[in-house]
Structure formats: structure tokens, C-alpha cells
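Chain residues, written in single-letter form:
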Amino acid sequence: QSLQALFGTSPKTKLVAFDGDSITAGHKEALSVDVRDESWPYQMMMAINDQAVMATNRAISSSQLIDGTGDANKDLTAWAVKKLDAQLNAAYTKKILVIMAGLNDISVINAAGAGLTTYNRLVTYCQARKAAGWLKIIVCTVFSYKGFVTAGLDGERTDYNARIAANNLTDW
């Protein structure tokens, strides 16, 4: 189902926001910068082609769903109150959040059970966003990434994705 199908064509009363880590932010490793107009959310925003939609990419490179070091600038759950939830208002009758995150959490944890821990962080994030007023949350599973060179890390990523799919978290 396309985002445009979700929105329809009513007056400017629709908000779609993207959140996540460097992949969502459009980070270019070779340049060490975010190139947002090359990111997958930007490409989706251009495809929506609906003047009634306010679309924004609020992803943060190097972020985690919950930052274990206490860095509020890299903690998506803590920072979402300021960067995402603050955009919610009564004018928007459709409020859709698209999240793809988890690779950094798994990589930083780097131990058996990282997939489960990251999944639990995702649930906490989504519950907080629902409580804040997001009407629909679309969770994207994470794809294999060249930085996940060990079978253990990629196995944790696979476990994380399987938990998302098994618990029907792709569509809140």
C-alpha cells in the first residue's frame, strides 16, 4: 500500500514524518555528511505528490532507539518529544510516522540477545509515539548492512526483523 493511498486527496491536513538512524537520514559514509535529498524518505516524499501532505525527515545519524550512554542527542525515544511530537497539532487529521532504526542498537550492544533488546526498545519508542498522538506508525525492518560483517551481528538483525514481523509491528 502506498503512502499516497493512505493519505487520499483532502485539504492540507496530513503529516508524514520519517525517523531513524543514518540510513534514514541519508548519510553518505564517504563524505561523512547527510545528503537528505538522496535518502529513501526523500524519494518517498517526492513520490507522494500530494500538496495536502506535510512531509519531514527527522532521522539522526549515529542514533539509537534508546541510547545506553545517556546522550540525549542520539536517543530517538527521548528526542522524539522535541523533534517529532512537537509537530503534532489538531490541524493534522492524519498523522503517520515511518520508522526504520535498530542497526546502531544491535551494533553497540554487540552481544547475544541484541535483537531482543533492540526489539524491546522499538516497542517502547512506538508506544510513546502512539501516546503522543501519532495515529499510524509504519515500522520498516532493517536490511543487511556491510558493517554487519559477523554472522553474530547479522543473526541478531535477523532476529530483530523476525520479532517485528511475528508481532505484526510493521503497521501500528
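(A) Looking closely at the sheet that holds strand β5 (residues 94-100). Taken in spatial order, the 4 strands make up an open sheet running β4-β1-β5-β6, and their pairing is parallel. Single-partner strands in this sheet number two, and they are β4 (53-57) and β6 (136-139). Strand-to-strand, the axes of this sheet are offset by a mean angle of 15°, without reference to chain direction. Bridge count for β5 against β6 is 4 bridges, and the pairing is parallel. Paired with I96 across the bridge in β6 is K136.

(B) Up close: the environment of M44. Among the structural elements, M44 can be located in helix α3 (residues 40-48). Exposure remark for M44: the relative accessible area of 32% places this residue in the partly exposed category. Between the alpha carbons of M44 and A55 there is a distance of 9.5 Å; along the sequence they are 11 residues apart.

(C) Fine view of unusual backbone geometry. Although it is not a glycine, S62 adopts a positive phi angle of roughly 70°. Along the chain, S62 turns up in the loop between β4 and α4 (76-83). A relative accessible area of 46% means that S62 is categorised as partly exposed. Unusually for a residue other than glycine, N110 sits at a positive phi of about 45°. Along the chain, the position of N110 falls in the loop between α5 (103-109) and α6 (114-132).

(D) How the structure looks around the pairing of strand β1 (residues 14-20). By the criterion of burial, β1 is predominantly enclosed, with 7 of the 7 residues buried. Going residue by residue along β1, you find K14, V16, F18 and G20 tucked away on one face and L15, A17 and D19 tucked away on the opposite face as well. Here β1 runs beside β4; their pairing, made up of 5 bridges, is parallel. Opposite V16, over in β4, you have A55 as the bridge partner. In terms of strand pairing, β1 meets β5 through 7 bridges, oriented parallel.

The rules we used
Along each chain, residue indices are assigned from 1 in the same order as the chain's sequence is written. It should be noted that, the model being predicted, local features are given only for residues of pLDDT at least 70 and side-chain atom pairs only at 80 or more, the latter also being counted only at that level, while totals for whole chains, interfaces and linings use all residues. Working from all heavy atoms in the structure, the side-chain values ignore hydrogens and water. Any two strands with at least two DSSP bridges between them are considered paired. Numbering of helices and strands runs from the N terminus; a helix is a DSSP stretch of H or I covering at least four residues, while a strand is a stretch of E covering at least two. Comment: axis = line fitted to C-alpha atoms, over the contacting stretch for helices; angle = value between 0 and 180 degrees taken between N-to-C directions. Here the term buried applies to any residue with accessible area under 20% of the maximum for its type, exposed to any over 50%, and partly exposed to those in between, with areas from a 1.4 Å probe on protein chains only.

In short, shape yes, function no, at least from these values alone.
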